[in-house]
Amino acid sequence: MSTKDNWKIWEIFIRSRNGLSHKHVGSLHAPDAEMAIKNARDVYTRRSEGVSIWAVESEAITASAPDESEPLFTPADDKVYRHPTFYEIPDEVGHM
Amino acid sequence: MKEQLLEYTLRLGDNALILGQRLGEWCGHGPILEQDIALSNMALDQLGQARMLMQYAAEQKGGDYTEDKMAFFRDVTEYHNCLLVELENGDWGRTMARQFLFDTYNYYFYTALLSSADERLKEVAHKAIKEVAYHAQWSAEWIIRLGDGTEESHRRIQESMDDLWEWTGELFTMDDVDKLMIEAGIGVDLSRVKEQWDQKVDQILELATLKRPSDDWFQSGGKQGEHSEYLGFVLAEMQHLPRMHPEAEW
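What comes next is a walk through the structure. (Residues numbered from 1 in each chain as written. Chains lettered and ligands numbered in written order. Predicted model: local features only at pLDDT ≥ 70, side-chain atom pairs only at ≥ 80, totals over all residues. Heavy atoms only, no water.)

**Some points on the overall build of chain B**
Note the cut-off: Only DSSP runs of H or I reaching four residues or more are called helices, and only runs of E reaching two or more are called strands; each is numbered from the N terminus. With a 1.4 Å probe rolled over the protein chains alone, any residue whose accessible area is under 20% of its type maximum counts as buried; one over 50% counts as exposed, and the rest are partly exposed. Throughout, a residue-residue contact means that at least one pair of heavy atoms, one from each residue, lies within 4.5 Å.
Along its length, chain B carries 10 helices and zero strands. When the helices and strands of chain B are read in sequence order from the N terminus, they spell out α-α-α-α-α-α-α-α-α-α. If you line up chain B on its principal axes, its C-alpha atoms span 55 × 40 × 30 Å. Taking all 250 residues of chain B together, the buried fraction comes to 54%. Sequence separation of 24 or more characterises 80% of the internal contacts of chain B that already satisfy a separation of 6 or more.

**Quick word on the packing of aromatic side chains**
Residues and elements named next belong to chain B. The condition is simple: Between 30 and 60 degrees the pair is tilted, below 30 it is stacked and above 60 it is edge-to-face, where a pair is any two Phe, Tyr or Trp rings, Trp via its six-membered ring, whose centres lie within 6.5 Å.
Inspection of the entire model under this criterion finds 12 aromatic pairs over all chains. Geometrically, the ring pair formed by Trp92 and Trp142 is edge-to-face, given 5.4 Å between the ring centres and 80° between the ring planes. Remark: Trp142 occurs in helix α6 (residues 119-147) and Trp92 occurs in helix α5 (residues 92-113); sequence separation between them is 50 residues. A relative accessible area of 5% means that Trp92 is categorised as buried. Taken together, the ring pairs connect Phe102, Tyr105, Phe109, Tyr110, Trp165, Phe172 and Trp197 into an aromatic cluster.

**Side note on the side chain of B:Arg94**
All names here are of chain B. Operational definition: Polar contacts, as used here, are pairs of N or O atoms within 3.5 Å; protein pairs need one atom able to donate a hydrogen and one able to accept it. Residues neighboring in sequence count only if both atoms are side-chain atoms.
Tracing the backbone through its elements, the reader meets Arg94 in helix α5. At 3.4 Å, the side chain of Arg94 and the side chain of Asp163 are in polar contact. Every residue in contact with Arg94, bar those within four places of it in the chain, is listed here: Glu88, Asn89, Ser160, Asp163 and Leu164.

**A word on the nonpolar core**
Operational definition: In plain words, nonpolar cores are sets of buried Ala, Val, Leu, Ile, Met, Phe, Trp, Tyr and Cys residues tied together by side-chain atoms within 4.5 Å.
Among the nonpolar cores identified, the biggest contains 87 residues, and B:Leu84, B:Tyr105, B:Phe109, B:Tyr110, B:Leu121, B:Trp138 and B:Ile143 are the most heavily contacted of them. With 12 residues, the top contributor of residues to this core is α6(B).

**As for the packing of helix α1 (residues 2-24) of chain B against α5(B)**
All names here are of chain B. Here is the rule we go by: All axes here are fitted lines through C-alpha atoms, helices being fitted over the stretch that makes contact, and every angle between N-to-C directions spans 0 to 180 degrees. We call two directions roughly parallel when the angle between them is under 35 degrees, roughly antiparallel when it is over 145, roughly perpendicular when it lies between 65 and 115, and oblique otherwise. Crossing handedness follows the turn of the near helix against the far one: under a right angle anticlockwise gives a left-handed crossing, and clockwise gives a right-handed one.
It is at 13 Å that the axes of α1 and α5 come closest, and there the two elements cross at 150°. Looking at the two axes, α1 sits roughly antiparallel to α5. Crossing geometry of α1 relative to α5 is assigned as left-handed. Packed against α1, whose contacting residues are Tyr8, Leu12, Asn15, Leu19, Arg22 and Leu23, the element α5 presents Thr95, Arg98, Gln99, Phe102, Phe109, Tyr110 and Leu113 at the interface.

**Observations concerning the interface of chain A and chain B**
We count it as follows: What gets called buried area is simply the loss in accessible area from a 1.4 Å probe that two parts show on being joined, summed for both. Salt bridges, as used here, are contacts in which a Lys or Arg side-chain nitrogen is within 4 Å of a carboxyl oxygen on Asp or Glu. Any residue that is not Ala, Val, Leu, Ile, Met, Phe, Trp, Tyr, Cys, Pro, Asp, Glu, Lys or Arg is counted as polar, Gly included; the first ten are nonpolar and the last four charged.
Chain A puts 14 residues into the contact, and the matching count from chain B is 18 residues. With both chains or domains summed, chain A and chain B bury close to 1,600 Å², and 59% of this area falls on carbon and sulfur atoms. Here chain A and chain B share one salt bridge between them. Measuring nitrogen to oxygen at the nearest pair gives 2.6 Å for the salt bridge that ties B:Arg145 to A:Asp32. Counting the contacts that link chain A with chain B gives seven residue pairs in polar contact (both at pLDDT 80 or more). Those elements that place two or more of their residues in the side of chain A that touches chain B are β2 (23-30) and α1 (33-44) of chain A. Sorting elements by how many residues they give to the side of chain A that touches chain B places α1(A) first, with seven residues. Split by residue class, the side of chain A that touches chain B holds five nonpolar, two polar and seven charged.

**Comments concerning the environment of B:Asp178**
All names here are of chain B. With respect to the element layout, Asp178 can be found in helix α8 (residues 176-183). Residues Asp178 and Tyr105, 73 residues apart in the sequence, show an inter-C-alpha distance of 16 Å. Among the polar contacts listed, one links the side chain of Asp178 to the side chain of Arg11, at a separation of 3.2 Å.

**Remarks on the sheet that holds strand β1 (residues 8-15) of chain A**
Hydrogen bonds between backbone atoms are what pair the strands of a sheet, whose relative direction is either parallel or antiparallel. Residue and element names in this part refer to chain A. Quick reminder of the rule: When DSSP finds at least two bridges between two strands, those strands are taken to pair.
One open sheet accounts for three strands, arranged β2-β1-β3; its pairing is antiparallel. Two strands close off the open sheet at either side, each with one partner strand: β2 and β3 (52-57). On average, each strand axis in the sheet is inclined to that of its neighbour by 30°, with strand direction left out of account. Summarising the sheet, β1 and β3 pair through six bridges and their orientation is antiparallel.

**A look at the packing of α5(B) against α6(B)**
The description of two helices packed together rests on the angle between their axes and the distance between the axes. Residues and elements named next belong to chain B. Look at α5 against α6: their axes get within 7 Å of each other, and the N-to-C directions meet at 145°. By crossing handedness, the relation of α5 to α6 is classed as left-handed. Split by residue class, the contact of α5 with α6 holds 20 nonpolar, seven polar and two charged.

**Points about a nonpolar patch on the surface**
Residues and elements named next belong to chain A. Here is the rule we go by: A patch consists of residues exposed above 30% relative accessible area that lack any salt bridge, with like charges linked at up to 9 Å and nonpolar side chains (Val, Leu, Ile, Met, Phe, Trp, Tyr) linked at up to 5 Å. Areas reported as accessible are Shrake-Rupley estimates using a 1.4 Å probe. Residue values count occlusion only from the protein chains shown.
Nonpolar side chains collect at one region of the surface, where Val80, Tyr81, Phe86 and Tyr87 lie side by side and expose about 490 Å² of accessible area between them. Mapped onto the secondary structure, Tyr87 falls in the segment after α2 (69-73). The exposure class assigned to Tyr87 is exposed, which follows from its relative accessible area of 58%.

Note that every value here comes from positions in space, so none of it alone points to a role or purpose.
Below, the structure is given as structure tokens:
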């Protein structure tokens, strides 16, 4: 039997209701994709948290590097006008 | 008829209770956290099913019988579970083999029990079938992975399958209690369950590259109250606290 050393780590995403998007809830060990879904069911959906599960191998995720965060994110800091709060919405549009 | 219904209820309830107790032994000892949680979940599912059935059995007994009294103050010979569920856990593969053989039976059994003429058993079946369907899927996945896994896992799961096979015959033998319950429209015709079980087990064993053990000889007696040497130890652990402090409350 495999030991936990060669069990992959999976990132688990759960959709709590139809119409909402999947949200990251945590990670777990599993020997393959199908067992990752089953383990996620047992670990993360015992209290009716979800209607759909995604499992993604952790190594398939590319993350931004913390030391690059300045060039990546700070240029947006002084551009508050990118928020849509500065536009007037015509009454005819109603609720957006 | 009353007597037989009680025994029938206890057979189902005791299967759930004893298997739940056995699976509970894995809590904190699973090979990996996720598998530990999975088995503990199943132990709790079994316990939930056992409670409904013990409550029903206690009502049938009447008087001051309660679900706790049914569970904790009956001795080995008064237990009516099949022998398979009381066997020791062994290694992970052996627990999976026992689980797969029993879950597959349990799934088809409860599917048939959904149309029982007894409202209470029908109600239990409605709750249980959702849980049991998942258990059966889950343990089948493990059989496939262990059988079609490494050389060692293949060898060990085949050994477990061979060892446990002789305890499966009892699942499908029908005695007078079964026959009377079937005639009353309450019980399940186990010959039909056997056909479905054979088909599913063969299919999974093939996917798992495992050999089906031969049907030479089968153990029997659990349903009638004749148990292996293991059940006494299971009951001792499960019952000693309520027996030492019968009036204790949470």
